[in-house]
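Descriptive analysis of the structure
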Amino acid sequence: MTYELPTSVTVNGRGYAIRSDYRVVLDIISALSDPELDSENKALETLECFYPDFPDMPVEDYSEALKQCTSFINGGESEENAKRQPKLMDWQQDFPLIVAPVNRILGKEIRALEYLHWYTFLAAYQEIGDCTFAQVVGIRRKKLKGKKLDDSEREFYKQNRKLVDFKRSYTAAENETVGKWV
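Residues numbered from 1 in each chain as written. Predicted model: local features only at pLDDT ≥ 70, side-chain atom pairs only at ≥ 80, totals over all residues. Heavy atoms only, no water.

Turning our attention to the layout of surface pockets. For the second largest pocket, the calculated volume is near 180 Å³. Of all the secondary structure elements, the ones that give two or more residues to the lining of the second largest pocket are strand 1 (8–11) and helix 3 (62–73). The element that contributes the greatest number of residues to the lining of the second largest pocket is helix 3, accounting for three residues. Split by residue class, the lining of the second largest pocket holds four nonpolar, six polar and one charged. (1 Å grid on protein atoms, 1.4 Å probe; cavity = no way out; pocket = protein on both sides within 12 Å on 5 of 7 lines; lining within 4 Å. Points joined across faces, edges and corners; volume = space filled by probe spheres on them. Helix = DSSP H or I, 4+ residues; strand = E, 2+ residues; numbered from the N terminus. Nonpolar A, V, L, I, M, F, W, Y, C, P; charged D, E, K, R; others polar.)

Structure, rendered in structure tokens:
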């Protein structure tokens, strides 16, 4: 059992400080879903965000450093132990729906805090109960499984499609092409 909130990780026997604030992790998740970045640039962006001393990190540590970052984001679980789930939420799109229940659980406005450890944020997130975000995820789950929505869910979905349906991210080139059609 670990009681401390980690602010460093060990990579190939070397200790590295990490940026453990929840905003940094959400920035990393955002970079990983950026359609403009290829996998190499996503990896570099992740390392630059997560490790303050990344410029001094030897190239041979990159792979293990990414694994340690992934484990941290997964709340300490290795990538192999993390369960693959169908996509029911999107951190960027759903953040406005997530922040209110997390604020309620923690009893403070998290966006006003100078620092909030990712594990603390994640623990609060996992305690989200009945709220708009939970309703949105419930409808997404039913739709993904092909289950019928009840009357209140159907009405909510009809009025809140923009909240429920995932937005698609386009590259700049795709946006330019679509812009020519309109």
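If you check helix 4 (residues 91–106), its first and last C-alpha atoms are just 19 Å apart, much less than what 16 residues at 1.5 Å a residue would give, namely 22 Å. For helix 4, the principal kink sits at leucine 97 and spans about 45 degrees; a proline, proline 101, occurs within the next four residues. All of the buried residues in helix 4 are Trp91, Gln93, Asp94, Phe95, Leu97, Ile98, Val99, Pro101, Val102 and Asn103. Against helix 1 (22–32), helix 5 (118–126), helix 6 (132–145) and helix 8 (161–164) lie the buried residues of helix 4. Between the side-chain oxygen at the start of helix 4 and the backbone nitrogen of glutamine 92 there is a gap of 3.0 Å, and the oxygen is on aspartate 90. Positive backbone phi, approximately 75 degrees, marks glycine 107, located one or two places after helix 4. (Expected span 1.5 Å × (residues − 1). Bend = angle between axes of the 7 residues up to and from the residue. Buried < 20%, exposed > 50% of the residue type's maximum accessible area, 1.4 Å probe, protein only. Contact = heavy atoms within 4.5 Å. Polar contact = N/O pair within 3.5 Å; in protein donor to acceptor, adjacent residues only side chain to side chain.)

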